[in-house]
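This is what each chain is made of:
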There are 2 protein chains.
Amino acid sequence: MAEIDIGEVSRRMGIPVSALRFYEQKGLIRSIGRNGLRRVFNTDVIQHLTLIMLGREAGFSLDEIRNMFPLGGKTSIDRGLLSAKAAEIDRTIRRLTSMRNGLQHAAVCPEANHLDCPSFQRILRVVEKRQSARSSRKNSLTDNK
Amino acid sequence: MAEIDIGEVSRRMGIPVSALRFYEQKGLIRSIGRNGLRRVFNTDVIQHLTLIMLGREAGFSLDEIRNMFPLGGKTSIDRGLLSAKAAEIDRTIRRLTSMRNGLQHAAVCPEANHLDCPSFQRILRVVEKRQSARSSRKNSLTDNK
DNA sequence: GCTTGACCTAAAGTAGGCTTTAGGTTGTAG
DNA sequence: CTACAACCTAAAGCCTACTTTAGGTCAAGC
């Protein structure tokens, strides 16, 4: 694999060099060395960054992503973690699907006030169930917190 | 509709009172008045907050949500905006679906190194296409940015 | 009459994810 | 030679979405 500098990585990925340095600092990517003071990257950093961007788009934090796709990952990718994350995305997809359906309906619903629309109310009730589940779990006993 | 105080709203929604005050300040919710210095809410704030939570879960910013579900929305909900947002979610769902498939595959893939797995590479290529589309749009001409 | 709990405000603080700034080092083109 | 682009570092700054802090009001119960 060829060696490229940070500007080339930035150009190929459309990621600012400042973000690349930040990622290196956080341990998400690694340069294979220096040429003077300039970082030298192996071209495989491109694939690794692709995974990172994929994870970002899926809503994972940089810390989570570092665990999902560790450096020197030849041997260390945790398959259990990956399927857990896949399941997490699956739940997100379900939530988004009902949100999308709700919005789509709201956009064409003839009711003047969406809150009067039976179909929209059904969607709200589904969400409210999740809410009340949450609020009974972490019950605020006093002000704030 | 009955009148409730901020603590009741907090309990019903499982949202900290500090967040409720913050939402009011940002114009996402509105109290119908004061009882002394205490806010008084109409119970319909519960439904409005349900919409807000729905939007949060779908990944919209508070500013976006304020536009999607304006206060006094009886007349003013922008249906075009709602279907645009629905379409946005739809694109997100598609991205998440390929991410989930990628992770699911990676979790069971027999290849020691995922980057060697043909099926995983296919997924990466799909993402890379989106990346290069993005990087040619906003092309960094000089250092940083 | 005084403590307590639930409320109030303004302002500062926090975490994540970067960007910007300020100042410095190189390789290369003119 | 020297200008300049492209790189470098450390540290500060920024945005979102809140939370925390510090200090105060008020009604209810003892």
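The structure under discussion appears in the preceding block.
Since this is a predicted model, take the numbers as computed values, not measurements.

Criteria and cut-off values
- Residues numbered from 1 in each chain as written.
- Chains lettered and ligands numbered in written order.
- Predicted model: local features only at pLDDT ≥ 70, side-chain atom pairs only at ≥ 80, totals over all residues.
- Heavy atoms only, no water.
- Phe/Tyr/Trp six-rings, centres within 6.5 Å; stacked < 30°, edge-to-face > 60°.
- Pairing = 2+ DSSP bridges.
- Helix = DSSP H or I, 4+ residues; strand = E, 2+ residues; numbered from the N terminus.
- Salt bridge = Lys/Arg side-chain N within 4 Å of Asp/Glu carboxyl O.
- Buried < 20%, exposed > 50% of the residue type's maximum accessible area, 1.4 Å probe, protein only.
- Arc of directions from axis to C-beta.
- Near = heavy atom within 4 Å.
- Polar contact = N/O pair within 3.5 Å; in protein donor to acceptor, adjacent residues only side chain to side chain.
- Nonpolar A, V, L, I, M, F, W, Y, C, P; charged D, E, K, R; others polar.

Participant: Residues and numbers for the packing of aromatic side chains, please.
Facilitator: In the structure shown here, the tally under the stated rule is two aromatic pairs over all chains. Taking the centre distance of 6.4 Å and the plane angle of 50° together, the rings of Phe22(A) and Tyr23(A) count as tilted.

Participant: Can you explain the sheet that holds strand S3 (residues 38–42) of chain B? Please cite residues and give values.
Facilitator: Remark on secondary structure: sheet strands pair via backbone hydrogen bonds, oriented parallel or antiparallel. All names here are of chain B. Spatially, three strands are ordered S1-S3-S2 in an open sheet, and the strand pairing comes out antiparallel. The sheet terminates laterally at strand S1 (3–4) and strand S2 (33–35), the two strands that pair on one side only. Summarising the sheet, S2 and S3 pair through three bridges and their orientation is antiparallel. Paired with Asn-35 across the two strands is Arg-38, which belongs to S3.

Participant: So what's going on with the pattern of salt bridges? Which residues, and what values?
Facilitator: Counting across every chain of the model gives 20 salt bridges over all chains. Notably, a salt bridge pairs Arg100(B) with Asp90(A), separated by 2.4 Å at the nearest N-O pair. Remark: Asp90(A) occurs in helix H5 (residues 79–108) and Arg100(B) occurs in helix H5 (residues 79–108); the pair is interchain, linking two chains. A single burial state applies to Arg100(B) and to Asp90(A), both of which are buried. Between Arg11(B) and Glu8(B) there is a salt bridge; the shortest N-O distance is 2.8 Å. In this pair, Arg11(B) and Glu8(B) are both assigned in helix H1 (residues 6–13), three residues apart and thus about one turn of the helix distant. Note on Arg11(B): relative accessible area 45%, which makes it partly exposed.

Participant: Please set out the pairing of strand S3 (residues 38–42) of chain A residue by residue, giving values where relevant.
Facilitator: Of all the five residues making up S3(A), four are buried; the element is thus mostly covered by neighbouring parts of the structure. In this structure, the hairpin formed by strand S2 (residues 33–35) of chain A and S3(A) is closed by a connection of two residues, where Gly36(A) is found at a positive phi of approximately 75°.

Participant: Kindly report on helix H2 (residues 17–25) of chain A, identifying the contributing residues and their values.
Facilitator: All names here are of chain A. Taken as a whole, H2 has its buried residues at Val-17, Ala-19, Leu-20, Tyr-23 and Glu-24. Down the axis of H2, the buried set is contained in an arc of 155°. They therefore lie on one face. Remark: Gly-27 follows H2 within two positions and exhibits a positive phi of approximately 80°.

Participant: If you had to explain the protein's contact with DNA strand C to someone new, which residues and values would you point to?
Facilitator: In the vicinity of DNA strand C there are 21 residues, among which Ser18(A), Asp5(B), Arg34(B), Arg38(B) and Arg39(B) approach most closely. Among the atoms of DNA strand C lying within 4 Å of the protein, the sugar-phosphate backbone contributes 74%. Between DNA strand C and Tyr23(A), the relevant distance is 3.0 Å, taken from a phosphate oxygen to a side-chain nitrogen or oxygen of the residue. In this structure, Gly7(B) approaches DNA strand C through a main-chain N or O atom, which is 3.1 Å from a phosphate oxygen. Contributing elements (two or more residues each) for the surface near DNA strand C: H2 of chain A together with H1 and S3 of chain B. Looking at which element gives the most residues to the surface near DNA strand C, the answer is H2(A), with four residues. Across the surface near DNA strand C, the residue classes break down as eight nonpolar, five polar and eight charged.

Participant: Provide a residue-level description of the protein's contact with DNA strand D, including the pertinent values.
Facilitator: Close to DNA strand D lie 21 residues; Asp5(A), Arg34(A), Leu37(A), Arg39(A) and Ser18(B) are nearest. Of everything in DNA strand D that lies within 4 Å of the protein, sugar and phosphate atoms constitute 79%. At 2.6 Å from a phosphate oxygen of DNA strand D is found a side-chain nitrogen or oxygen belonging to Ser18(B). Taken together, the elements giving at least two residues each to the surface near DNA strand D come down to helix H1 (6–13) and S3 of chain A together with helix H2 (17–25) of chain B. Ranked by residues supplied to the surface near DNA strand D, first place goes to H2(B) with four residues. Within the surface near DNA strand D, the residues separate by chemical class into nine nonpolar, four polar and eight charged.

Remember, this is a structural readout, not a statement about activity or role.
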